[in-house]
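Structure at a glance
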Amino acid sequence: MASDERTVLVTGASRGIGKACALALAEPGTFVAVNYRSRQGEAEEVLRAVEKNGARGMLLPCDVADPQAIAEALAALVRQTGRLDVLVNNAGVTADQLSMRMSDQDWIRVLQTNLTGAFYCTRAALRPMLRQRSGRIIMMSSIVGVHGNAGQANYAAAKAGLIGLAKSVALEVASRGITANVVAPGFIETEMTGAMSPEARQAMLSRVPMGRPGTAGEVAALVSFLAGRDSGYITGQVFIIDGGLTT
Ligand code: NAP
């Protein structure tokens, strides 16, 4: 069934930056699909908050690294709303280790979720977007994908890969009203960074000129702009949001 509602899919929206993006994009006239992999209770809370903002929505549980599950989830979403306007490829994991000690499993899992998962979602999203001749695709990369980071070769490779993916897709679909851009955050206060040791956290913060971590809401505000109607002439770009760490 086709609808006039602007349809948004945020992957990894049960917490952290994905949750903030889902909430920032949730406004009357919008349908927000909340993807997650395991934390159903938290995803349900996000959906309730989405509805409180005046939007409609649905839970879309699946592992972004599973191509069959993604194809089915996207099909279910488009059956529900008849369209897809915004895809935020946010789902991500870490499995840090120095390269010489990194297991095949940790390399593959991080690449599979952070990069291949984004590709599966993008491929599935392009069909309805091409039909509509409009769409916004946003990749949640990291400054680590731009600069590299000792102990995060898998994560950095995946996040750098998202930049190549976005730039290529941007060129493929620019003439069809679809944009693809990258957001590359620095140190943002979420559960992912909460797992850092106090020493690692302090070392990281001491390098941030603003002297504080960013918030998920600050990243979501940038995503919201790139997902909005006023960003139609911006594509294939990387937007760093890191409190001045990269200058
Ligand atoms: P987070 O708090 O750990 O949340 C990760 C989210 O991804 C959760 O909703 C999780 O869902 C979901 N997820 C993980 N694997 C998934 C899979 N295979 N399929 C579907 N969903 C999956 O992380 P965050 O800090 O908000 O980070 C969000 C994104 O921003 C990530 O891509 C991360 O790399 C990137 N980023 C974060 C920072 C930072 O400082 N925090 C900096 C730069 C970039 P479940 O809870 O259901 O497992």
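Residues numbered from 1 in each chain as written. Predicted model: local features only at pLDDT ≥ 70, side-chain atom pairs only at ≥ 80, totals over all residues. Heavy atoms only, no water.

**Digging into the overall build of the protein chain**
Scanning the protein chain from terminus to terminus reveals nine helices and seven strands. For the protein chain, the C-alpha radius of gyration of 17 Å lies close to 18 Å, the compact-globule estimate for 247 residues. On the principal axes, the C-alpha backbone points of the protein chain span a range of 50 × 35 × 35 Å. Counting every position in the protein chain, which comprises 247 residues, the buried fraction comes to 50%. The contacts in the protein chain between residues at least 6 apart in sequence include a share of 74% that link residues at least 24 apart. Of the accessible surface of the protein chain, which amounts to about 11,600 Å², a share of 52% is contributed by carbon and sulfur atoms. Averaged over its 24 positive side-chain charges, the protein chain has a centre that lies 5 Å from the centre of its 21 negative ones. (Helix = DSSP H or I, 4+ residues; strand = E, 2+ residues; numbered from the N terminus. Rg over C-alpha atoms; globule rule 2.2 N^0.38 Å. Buried < 20%, exposed > 50% of the residue type's maximum accessible area, 1.4 Å probe, protein only. Contact = heavy atoms within 4.5 Å. Areas by Shrake-Rupley, 256 points an atom, 1.4 Å probe, with all protein chains shown as cover. Lys, Arg positive; Asp, Glu negative; His and termini not counted. Charge placed at Lys NZ, Arg CZ, Asp CG, Glu CD.)

**Points about the side chain of threonine 11**
By secondary structure assignment, the location of threonine 11 is in the loop between β1 (6-10) and α1 (16-25). When its relative accessible area of 4% is taken as the criterion, threonine 11 is described as buried. Within the structure, threonine 11 has its side chain in polar contact with the backbone nitrogen of alanine 91 (distance 2.9 Å). Discounting residues that sit within four places of it in the chain, threonine 11 has contacts with Asn35, Val64, Leu87, Val88, Asn89, Asn90, Ala91 and Cys121. (Polar contact = N/O pair within 3.5 Å; in protein donor to acceptor, adjacent residues only side chain to side chain.)

**Description of the site of the ligand**
Near the ligand lie 32 residues; those nearest to it are Ser14, Ser38, Asn90, Tyr155 and Thr190. At 2.7 Å, a backbone N or O of serine 38 approaches an oxygen atom of the ligand. The separation between an oxygen atom of the ligand and a polar side-chain atom of threonine 190 is 2.5 Å. Alone, the ligand offers 890 Å² of accessible surface; in the complex the protein occludes 97% of this. Of all the secondary structure elements, the ones that give two or more residues to the shell around the ligand are α1, β2 (30-36), α6 (153-173) and α7 (191-194). (Near = heavy atom within 4 Å.)

**Looking at the packing of α1 against helix α9 (residues 216-227)**
Between α1 and α9, whose axes approach to 8 Å, the crossing angle comes to 50 degrees. Taken together, the axis directions place α1 and α9 in an arrangement best described as oblique. Crossing angle aside, the handedness with which α1 passes α9 is right-handed. Contact with α1, carried on its side by Gly16, Ile17, Ala20, Cys21, Ala24 and Leu25, involves Ala216, Gly217, Val219, Ala220, Val223, Ser224 and Ala227 of α9 and no other residues of that element. (Axes fitted to C-alpha atoms, helices over the stretch in contact; angles between N-to-C directions. Parallel < 35°, antiparallel > 145°, perpendicular 65-115°, else oblique. Left-handed = near helix turned anticlockwise from the far one by under 90°.)

**Here's the deal with the packing of aromatic side chains**
A full pass over the atoms with the stated rule returns one aromatic pair. Between phenylalanine 119 and tyrosine 120, the aromatic rings sit 6.1 Å apart at their centres with planes inclined by 50 degrees, giving tilted as the arrangement. Overall, the relative accessible area of 36% leaves phenylalanine 119 in the partly exposed class. Accessibility expressed as a relative area gives 15% for tyrosine 120, which makes it buried. (Phe/Tyr/Trp six-rings, centres within 6.5 Å; stacked < 30°, edge-to-face > 60°.)

**As for the environment of isoleucine 188**
In this structure, isoleucine 188 sits in the loop between β6 (178-185) and α7. The class of isoleucine 188 is buried, set by a relative accessible area of 5%. Each C-alpha atom, one on isoleucine 188 and one on alanine 216, is 6.4 Å from the other, the two residues being 28 residues apart in sequence.

**A closer look at unusual backbone geometry**
In this structure, arginine 133 takes a positive phi of about 60 degrees despite not being glycine. Within the fold, arginine 133 resides in the loop between α4 (104-132) and β5 (135-140).

**What about the nonpolar core?**
Nonpolar side chains tend to gather and get buried jointly when the protein is soluble and globular. Within the largest apolar cluster, 36 residues are counted, with the highest numbers of intra-cluster contacts made by Leu9, Leu77, Ile137 and Met139. Elements with a minimum of two residues in this core: β2, β3 (56-61), α3 (67-81), α4, β5, α6 and β6. Excluding its chain neighbours within four sequence positions, the residues that come into contact with leucine 9 are Ala33, Asn35, Leu60, Leu74, Leu77, Leu84, Val86, Leu87 and Val88. Counting residues in each nonpolar core, the second largest holds 30 residues, with Val50, Val86, Val88 and Met140 among its members. (Core = buried A, V, L, I, M, F, W, Y, C linked by side-chain atoms within 4.5 Å.)

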